[in-house]
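Working through the structure, step by step
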Amino acid sequence: MAAQAQSIVVPTDAELLQAQADLWRHSLCYLTSMALKCAVKLGIPTAIHNLGGATTLPNLITELSLPPPKLPFLRRLMRLLVTSGVFAADESTGEETYHLNLLSRLLVDGVVVDGDAHQKAIVLAANSRRYVDTALSLADWFKKDMAAPKSPFEELHGVALFDESMALLDPESDKLIAEAVAAHDNLGISQVLQQCPDLFNGLQSLTDCCGGDGTTAKAIVKAFPHIKCTVLDLPRVIKNISVDGAINYVAGDMFKFIPPSQAVMLKLVLHFWNDEDCVKILTQCRKAIASREAGGKVIIIDIVIGSSSKTILETELLMDMLMLTMTNGQQRDENEWRNIFMKAGFSGYRIVKKLGPRGIFEVYP
């Protein structure tokens, strides 16, 4: 029997033109990311900051030491970045003036934002050749039939992200990615401390798993001096840290052992791992913490997919695609988080608060 022909709804001219415009936007939006990377590499946010936070295009091109004939091209770059919300512009004086906004202030060299001054590393890493080449290989990766799939990044480059093999292959990229992860992890801890003080009230000891250089642990100890904080991370991370006595640093593997404490914190850690590995990590956490009656808990700060804000939801899903492309991990919705908590033997949990795309969990033994 011949297949029944499907009826086609003929779009209006306006609908067709809108669809075409949307297609162009989706196909070309990578140029917004590249324009942002260009602005960071040129030092435009820092230049505007040095000029008092606002500047005209001629003054900007002089501050950047760019050839004057490039001025009309710089105008076009800035026009896109203003439209996309990276910078602000004002024409009320008759000459267009460019300003920093909250986003571009995060990219100014030497300006500390929430305990970390290197947010530009996120832009440079996310748009680096290693990342872009991996994204371009996605279709080929999907077509490969692999019994134990490697991440697209590992399949293409032959090394795993964050592994010592990556440092041996490309030390410069490995350093940049580490800086980007640290910037991503550390930004936001002040909001957690200010808006969720009960999270740490009553705690006497805390282990921060994958706590890096201790930036987050130091912020916690500053706000709650009575808490004894331990940072657990890999030996290659710990060996480069200058110990100051405020934090106890332990070199180790969280899959094998976590230093005992009343509570354990996993801040933007579990999204790098698949469900099976997350259960293994959480099982070690459960062994390390006190009983629920003694205040034992695991504090998890991570992305929770499902925001009612379209913009934040898109960010959550883009972060999930980043995990798909670069790691064996994923971002999770609340049900997916609940499943791994229960599989690891925990009795319950609650979401203390949502801060943008991130959720703050208390998970109980």
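Residues numbered from 1 in each chain as written. Predicted model: local features only at pLDDT ≥ 70, side-chain atom pairs only at ≥ 80, totals over all residues. Heavy atoms only, no water.

Summing up its helical and strand segments, the protein chain has 18 helices and 11 strands in all. Dimensions of the protein chain, computed from the C-alpha atoms along their principal axes, are close to 75 × 65 × 40 Å. Every one of the 365 residues in the protein chain was classed for burial, and the buried ones make up 42%. Carbon and sulfur atoms form 56% of the exposed surface of the protein chain, whose accessible area is close to 19700 Å². Charge centroids of the protein chain, computed over 35 positive and 41 negative side chains, lie 2 Å from each other. (Helix = DSSP H or I, 4+ residues; strand = E, 2+ residues; numbered from the N terminus. Buried < 20%, exposed > 50% of the residue type's maximum accessible area, 1.4 Å probe, protein only. Areas by Shrake-Rupley, 256 points an atom, 1.4 Å probe, with all protein chains shown as cover. Lys, Arg positive; Asp, Glu negative; His and termini not counted. Charge placed at Lys NZ, Arg CZ, Asp CG, Glu CD.)

Judged by pairing direction, the sheet is antiparallel, and its three strands sit side by side in the order E1-E3-E2 without closing on themselves. The sheet is open, and its two borders are formed by strand E1 (54-56) and strand E2 (87-90), each paired with just one other strand. When the angles between neighbouring strand axes are averaged without regard to direction, this sheet yields 30 degrees. In terms of strand pairing, E2 meets strand E3 (residues 97-100) through four bridges, oriented antiparallel. Its bridge partner lying in E3, Ala 89 is registered against Tyr 98. Of the strands in this sheet, E2 and E3 are in contact with helix H5 (residues 71-83), which crosses E2 at around 110 degrees. (Pairing = 2+ DSSP bridges. Axes fitted to C-alpha atoms, helices over the stretch in contact; angles between N-to-C directions. Contact = heavy atoms within 4.5 Å.)

Contact geometry of helix H8 (residues 129-136) with helix H17 (residues 310-326) gives a least axis separation of 10 Å together with a crossing angle of 90 degrees. In terms of orientation, H8 lies roughly perpendicular with respect to H17. For the pair H8 and H17, the contacting residues are Tyr 131, Thr 134 and Ala 135 in the first and Leu 322, Thr 325 and Met 326 in the second. In terms of residue class, the contact of H8 with H17 is built from four nonpolar, two polar and no charged. (Parallel < 35°, antiparallel > 145°, perpendicular 65-115°, else oblique. Nonpolar A, V, L, I, M, F, W, Y, C, P; charged D, E, K, R; others polar.)

Moving on, we get to helix H12 (residues 171-186). Here H12 is 16 residues long and its end C-alpha atoms lie 22 Å apart, about the 22 Å a rise of 1.5 Å per residue gives. Among the residues of H12, those classed as buried are Ser 173, Asp 174, Ile 177, Ala 180, Ala 183, His 184, Asp 185 and Asn 186. A positive phi of about 110 degrees marks Gly 188, the residue just after H12. (Expected span 1.5 Å × (residues − 1).)

Another aspect to go through is the nonpolar core. Grouped together as the largest cluster of nonpolar side chains are 26 residues, with contacts concentrated most on Leu 266, Leu 282, Ile 300 and Phe 341. Counting residues per element, the ones that place at least two in this core are strand E7 (263-267), helix H16 (275-288), strand E8 (297-305), helix H18 (334-343) and strand E11 (358-364). Broken down by element, this core gets its largest block of residues, six residues, from H16. Ignoring sequence-local partners within four residues, the contact set of Leu 266 consists of Cys 209, Ile 281, Leu 282, Cys 285, Val 298, Ile 299, Ile 300 and Ile 301. With 24 residues, the next largest nonpolar core counts Cys 196, Val 221, Ile 241 and Ile 360 among its residues. (Core = buried A, V, L, I, M, F, W, Y, C linked by side-chain atoms within 4.5 Å.)

Looking at where His 157 falls in the secondary structure, it is placed in helix H10 (residues 152-157). Judged by relative accessible area, which is 16%, His 157 ranks as buried. When the C-alpha positions of His 157 and Gly 252 are compared, they lie 26 Å apart, and in sequence the two are 95 residues distant. When neighbours within four sequence positions are excluded, His 157 is seen to be in contact with Arg 130, Thr 134 and Leu 169. In this structure the side chain of His 157 is engaged in a polar contact, spanning 3.1 Å, whose partner is the side chain of Thr 134. (Polar contact = N/O pair within 3.5 Å; in protein donor to acceptor, adjacent residues only side chain to side chain.)

Taken as a whole, this structure holds nine aromatic pairs when the rule is applied. When the ring of Phe 200 is compared with that of Phe 224, the centres are 5.6 Å apart and the planes differ by 40 degrees; the resulting orientation is tilted. Of this pair, Phe 200 sits in the loop between helix H13 (189-195) and strand E4 (205-209) while Phe 224 is found in the loop between helix H14 (215-223) and strand E5 (228-233), placing the two residues 24 residues apart along the sequence. Pair check on accessibility: Phe 200 and Phe 224 agree, each one buried. (Phe/Tyr/Trp six-rings, centres within 6.5 Å; stacked < 30°, edge-to-face > 60°.)

Its place among the elements puts Thr 327 in the loop between H17 and strand E9 (332-333). A residue is classified by how much of its surface remains accessible, and Thr 327, at 8% relative accessible area, is buried. Among the polar contacts listed, one links the side chain of Thr 327 to the backbone oxygen of Met 323, at a separation of 2.9 Å. Polar contacts involving the side chain of Thr 327 include one to the main-chain amide nitrogen of Gly 329, which spans 2.9 Å. Those residues in contact with Thr 327, other than ones at most four positions away along the chain, are Ser 151, Leu 161, Phe 162, His 271, Phe 272 and Leu 322.

Next up on the list: the pattern of salt bridges. Applying the stated criterion across every chain yields a total of 11 salt bridges. Among the salt bridges present, the one from Asp 170 reaches Arg 130, with a minimum N-O distance of 3.0 Å. Taken as a pair, Asp 170 in the loop between helix H11 (164-169) and H12 and Arg 130 in helix H8 lie far apart in primary sequence, 40 residues in all. Between Glu 334 and Arg 338 there is a salt bridge; the shortest N-O distance is 3.9 Å. Here Arg 338 and Glu 334 lie together in helix H18, a separation of four residues that amounts to about one turn. (Salt bridge = Lys/Arg side-chain N within 4 Å of Asp/Glu carboxyl O.)

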